[in-house]
Amino acid sequence: MAFFTSGRDSVTVKKAAFSDIRKGDIILFSPAENIFLLHRVTNISNNKFTTAGDGNCFIDGSFAPESVIAKVYKFSRKGKNISIDNKLFKALSTIWIYLSPIRKFILAILKKLFTR
């Protein structure tokens, strides 16, 4: 999971095609004109993909391949560069995808813990 925060984190993206993305990747895509999202791919099937933000409890919807713009390959948190290929990051990301049915409860707990 990434939970990118404005002012704290930055991402580095590389142009990507639909054929370059896999479940679990964080991508930049445009689901409609002048709308851009940076979300994680939760599923790919029937020549479409679905996404969800790591801090969201819902799936964004199903999108066409041509809406893919780029793929995140590293990010910086508090000045420290982290590769998307980092084994710990990949493991946590995979677990977070599978926890989506109970994400609402986990996010509520995290919010209470970190907003005190």
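1. Examining the pattern of salt bridges
Thought 1: This structure, assessed with the given rule, holds three salt bridges.
Thought 2: A salt bridge links D9 to R8, with the shortest nitrogen-to-oxygen separation between them at 2.8 Å.
Thought 3: Take D9: its relative accessible area is 13%, and that puts it in the buried class.
Thought 4: By relative accessible area, which is 32% here, R8 ends up partly exposed.
Thought 5: A salt bridge links R77 to D9; the nearest nitrogen and oxygen atoms lie 2.8 Å apart.

2. A word on helix α1 (residues 87–98)
Each α-helix winds once per 3.6 residues, and so residues spaced three or four apart point in a common direction.
Thought 1: Between its first and last C-alpha, α1 extends 17 Å over 12 residues, near the 16 Å set by a 1.5 Å rise per residue.
Thought 2: Looking only at α1, the buried set comprises F89, S93, W96 and I97. For α1, the arc enclosing every buried residue in end-on projection is 100°, short of the 170-degree limit, so these residues lie on one face. Along α1, the residues that are exposed and aim more than 90 degrees away from the buried face are K87, L88 and Y98.
Thought 3: Residues of α1 that are buried in the fold lie against β2 (26–32), β3 (35–45), β6 (68–77), β7 (80–83) and α2 (103–114).
Thought 4: You can read the cap of α1 off the contacts: a side-chain oxygen lies 2.9 Å from the backbone nitrogen of L88, and it is on N86.

Conventions and cut-offs
- Residues numbered from 1 in each chain as written.
- Predicted model: local features only at pLDDT ≥ 70, side-chain atom pairs only at ≥ 80, totals over all residues.
- Heavy atoms only, no water.
- Salt bridge = Lys/Arg side-chain N within 4 Å of Asp/Glu carboxyl O.
- Buried < 20%, exposed > 50% of the residue type's maximum accessible area, 1.4 Å probe, protein only.
- Helix = DSSP H or I, 4+ residues; strand = E, 2+ residues; numbered from the N terminus.
- Expected span 1.5 Å × (residues − 1).
- Arc of directions from axis to C-beta.
- Contact = heavy atoms within 4.5 Å.
- Polar contact = N/O pair within 3.5 Å; in protein donor to acceptor, adjacent residues only side chain to side chain.

As far as function goes, none of this settles anything; it's purely spatial.
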